[in-house]
Structure formats: C-alpha cells, structure tokens
Amino acid sequence: MNNLLLGGKSTKGHKAGSLKHGEAERIIANYQENIANRGLILEQNYLNHSKINNNAKGSVRLDVYDSVSNEVYDYKFVINPGHGLSSRQINKIVNQGPVNLTLLDIHEINPR
C-alpha cells in the first residue's frame, strides 16, 4: 500500500487511515451536495441509538450510514482486506448505532 503524504512527509497506519477517511467523506459529501443526496450520513457518532456530537465513552462512530436502507458501511483501509471489521465492532454498531440495525445491515468496505 502506498504511503500518503502529510505536510510533505510520508505517513502510514492510523494517520493514513484518518486521511483516507477524510477524503472518502469529502468525496461522498461533494456528490450528495452537487449531484444527488442519497440520505447518507457521514462520520456520525451514536450512543444508545441516538446521534451525538462528540466521542463519548461507549459511543460508536459510523463511517457511512444509509438512512434510506438502514445500512452501515465501514471502511477498512488495510493491506489484507476482509479481516478489518471485528465481531466486537459489529456488535457495538448494532447495540449503539441507529435503531433496528441487524448484523446483515453492516458491511465492510475495502476500497482499492
């Protein structure tokens, strides 16, 4: 996986992941604003099935929540895709995220 640049310096790991998440958020937000609003909620924290505006203890941050289909998409920018979304994280999304989510509503996304 190619390293990203931050301030002209190479970065990897969680810093690169944060940059990639930010870029994905920017692209989707731009699409929804300029082409078609699909009801996607980006980078939102939830606690006890309610949106919150901070990163409170026990909360879960969803990369993308599709409010129309009630599905969650979780980016995993990893070298070996398919192993990034743990059962613990899936259960946390179901228990803290929007109401009526099931295990089948949560999808790991491995962009290339």
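Data block above holds the structure.
Residues numbered from 1 in each chain as written. Predicted model: local features only at pLDDT ≥ 70, side-chain atom pairs only at ≥ 80, totals over all residues. Heavy atoms only, no water.

Draft legend 1. Examining the pattern of salt bridges more closely. Under the counting rule described, the total for this entry stands at four salt bridges. Linking glutamate 43 and arginine 61 is a salt bridge whose minimum nitrogen-to-oxygen distance equals 3.1 Å. Note that glutamate 43 is positioned in strand β3 (residues 40–47) and arginine 61 in strand β5 (residues 60–66), a separation of 18 residues in sequence. On the accessibility criterion, glutamate 43 (13% relative accessible area) is buried. Looking at arginine 61, the relative accessible area reads 42%, which means it is partly exposed. (Salt bridge = Lys/Arg side-chain N within 4 Å of Asp/Glu carboxyl O. Helix = DSSP H or I, 4+ residues; strand = E, 2+ residues; numbered from the N terminus. Buried < 20%, exposed > 50% of the residue type's maximum accessible area, 1.4 Å probe, protein only.)

Draft legend 2. Broad picture of the sheet that holds strand β4 (residues 50–52). With mixed pairing, the five strands of this open sheet are ordered in space as β4-β3-β5-β6-β7. The open sheet terminates on both sides in strands that have one partner only, identified here as β4 and β7 (106–109). Put simply, the sheet's adjacent strands are angled 50° from each other on average, direction ignored. Looking at chain direction, β5 and strand β6 (residues 71–75) are connected through three bridges and run antiparallel. Paired with aspartate 66 across the strands is glutamate 71, a residue of β6. Along the sheet face, helix α1 (residues 14–34) touches β3, β5 and β6 and points at about 125° away from the line of β3. (Pairing = 2+ DSSP bridges. Axes fitted to C-alpha atoms, helices over the stretch in contact; angles between N-to-C directions. Contact = heavy atoms within 4.5 Å.)

Draft legend 3. Structural context of the nonpolar core. Within the largest apolar cluster, eleven residues are counted, these being Tyr46, Val60, Leu62, Tyr65, Val72, Leu85, Ile90, Ile93, Val94, Leu101 and Ile106. For this core, the secondary structure elements donating two or more residues are β5 and α2 (87–96). Grouped together as the second largest cluster of nonpolar side chains are six residues, Ile28, Leu40, Val64 and Tyr75 included. (Core = buried A, V, L, I, M, F, W, Y, C linked by side-chain atoms within 4.5 Å.)

Draft legend 4. Structural context of the packing of aromatic side chains. Within the structure shown, the criterion is met by one aromatic pair. With a centroid separation of 6.2 Å and an interplanar angle of 75°, the aromatic rings of tyrosine 46 and tyrosine 65 are classed as edge-to-face. Remark: tyrosine 65 occurs in strand β5 and tyrosine 46 occurs in strand β3; sequence separation between them is 19 residues. Note on tyrosine 46: relative accessible area 3%, which makes it buried. (Phe/Tyr/Trp six-rings, centres within 6.5 Å; stacked < 30°, edge-to-face > 60°.)

Draft legend 5. Spatial organisation of the environment of asparagine 80. By secondary structure assignment, the location of asparagine 80 is in the loop between β6 and α2. Assessed through its relative accessible area of 57%, asparagine 80 is described here as exposed. In this structure the C-alpha to C-alpha distance between asparagine 80 and asparagine 110, which are 30 residues apart in sequence, comes to 9.1 Å.

Draft legend 6. Spatial organisation of the side chain of asparagine 70. By secondary structure assignment, the location of asparagine 70 is in the loop between β5 and β6. Reaching out from asparagine 70, the side chain makes a polar contact with the backbone oxygen of asparagine 100 at a distance of 3.2 Å. Excluding anything up to four places from it in sequence, asparagine 70 contacts Tyr65, Pro98, Val99, Asn100, Leu101 and Asp105. (Polar contact = N/O pair within 3.5 Å; in protein donor to acceptor, adjacent residues only side chain to side chain.)

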